[in-house]
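Working through the structure, step by step
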Amino acid sequence: MKITLDTRSLLLGFLGAGLMFAAISFKNDQNQAGGKYRAEVDANNMLVILDSETGNYIIAPAMQSAGKVQWIKGEFDKTFSTATDNKKEPK
């Protein structure tokens, strides 16, 4: 039995293999939460913005009626190492 390969069959084989590798290599990025800044709002409308690269954060306590918001800045590593909470309680 003699096996011969023509250029058309060889080209289709390489094209099929390339398509299979391309289909396998694509990743679904919907599950990954990207971005440098992350924001969370809790049930009391308190806002926390975290810089995920440096660990710096800003907390905005909930606004009471038409009151002025006082932003509280902090660094996660310093707050965690001293085990103190620098969040001010709303008046």
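Computed from a predicted model, the values in this text were never measured in an experiment.

Moving on: the overall build of the protein chain. A count of helical and extended segments in the protein chain gives two helices and four strands. What you see in the protein chain, going N to C, is helices and strands ordered as α-β-β-β-β-α. Looking at the protein chain residue by residue over its 91 residues, the buried ones come to 11%. When contacts within the protein chain are restricted to residue pairs at least 6 apart in sequence, those whose partners lie at least 24 apart make up 6%. For the protein chain, the accessible area works out to roughly 8400 Å², and carbon and sulfur atoms hold 59% of it.

If you walk across this open sheet you meet the four strands as β1-β2-β3-β4, and the pairing is antiparallel. Where the open sheet ends on each side, the last strands, each with one partner, are β1 (37–41) and β4 (72–75). In this sheet, neighbouring strand axes are inclined to one another by 15° on average, regardless of whether the strands run parallel or antiparallel. When strand β3 (residues 56–60) meets β4, the two strands line up antiparallel, connected through four bridges. Bridging across to β4, I58 finds its partner in K73.

The next thing to look at is the layout of surface pockets. With a probe scaled to a water molecule rolled over the atoms, the places where space remains empty come into view. A volume near 170 Å³ is recorded for the second largest pocket. Along the walls of the second largest pocket sit 10 residues, with V48, L50, Y57, I59 and F76 positioned nearest its centre. The set of elements that each furnish at least two residues to the lining of the second largest pocket consists of β1, β2 (47–51), β3 and α2 (76–82). A breakdown of the residues in the lining of the second largest pocket according to their chemical character gives seven nonpolar, one polar and two charged.

Counted at 1.5 Å a residue, the expected span for helix α1 (residues 7–25) with its 19 residues is 27 Å, and the 27 Å between its end C-alpha atoms agrees. Burial of α1 is sparse: only zero of the 19 residues sit out of reach of the surface.

Within β1, only zero of the five residues are buried, which leaves it mostly out in the open. With five bridges connecting them, β1 and β2 associate as antiparallel partners. The residue bridging V41 from the neighbouring strand is L47, located in β2.

Attention now goes to the pairing of β3. Bridge analysis of β2 against β3 gives four bridges, and the strand direction is antiparallel. Note on β3: the bridge partner recorded for V48 is I59. Counted between consecutive antiparallel strands, the loop separating β2 from β3 contains four residues, among which G55 sits at a positive phi close to 90°.

Calculation criteria
Going along each chain's sequence as written, the residues are numbered from 1 onward. Since the coordinates come from a predicted model, pLDDT governs what is reported: local features require at least 70, and pairs of side-chain atoms require 80 or more to be given and counted, while whole-chain, interface and lining totals use all residues. Excluding hydrogens and water, the side-chain figures rest on all heavy atoms present in the structure. A helix here means a DSSP run of H or I that spans at least four residues, while a strand means a run of E at least two residues long, and both kinds are numbered starting from the N terminus. Think of it in three bands: with a 1.4 Å probe and only protein chains considered, a residue is buried below 20% of the maximum accessible area for its type, exposed above 50%, and partly exposed in between. The contact rule is simple, with two residues in contact once any of their heavy atoms fall within 4.5 Å. Accessibility throughout is a Shrake-Rupley quantity obtained with a 1.4 Å probe, and a residue counts as covered only by protein chains that appear here. Note: two strands are recorded as paired if DSSP finds a minimum of 2 bridges between them. Only C-alpha atoms enter the line fits that serve as axes; for helices the fit covers just the stretch in contact. Angles between N-to-C directions range over 0 to 180 degrees. Whether a set of points on the 1 Å grid over the protein atoms alone is a cavity depends on a 1.4 Å probe fitting there but being unable to get out, while an open set qualifies as a pocket with protein on both sides within 12 Å along at least five of seven lines; lining residues are those with an atom within 4 Å of a point. Grid points are joined across faces, edges and corners, and a volume is the space filled by probe spheres set on the points. Gly is put with the polar residues, along with every residue not named as nonpolar or charged; the nonpolar set is Ala, Val, Leu, Ile, Met, Phe, Trp, Tyr, Cys and Pro, and the charged set is Asp, Glu, Lys and Arg. In this analysis, the expected span of each helix is defined as 1.5 Å times one less than the number of residues it contains.

Read these as geometric descriptors, not functional statements.
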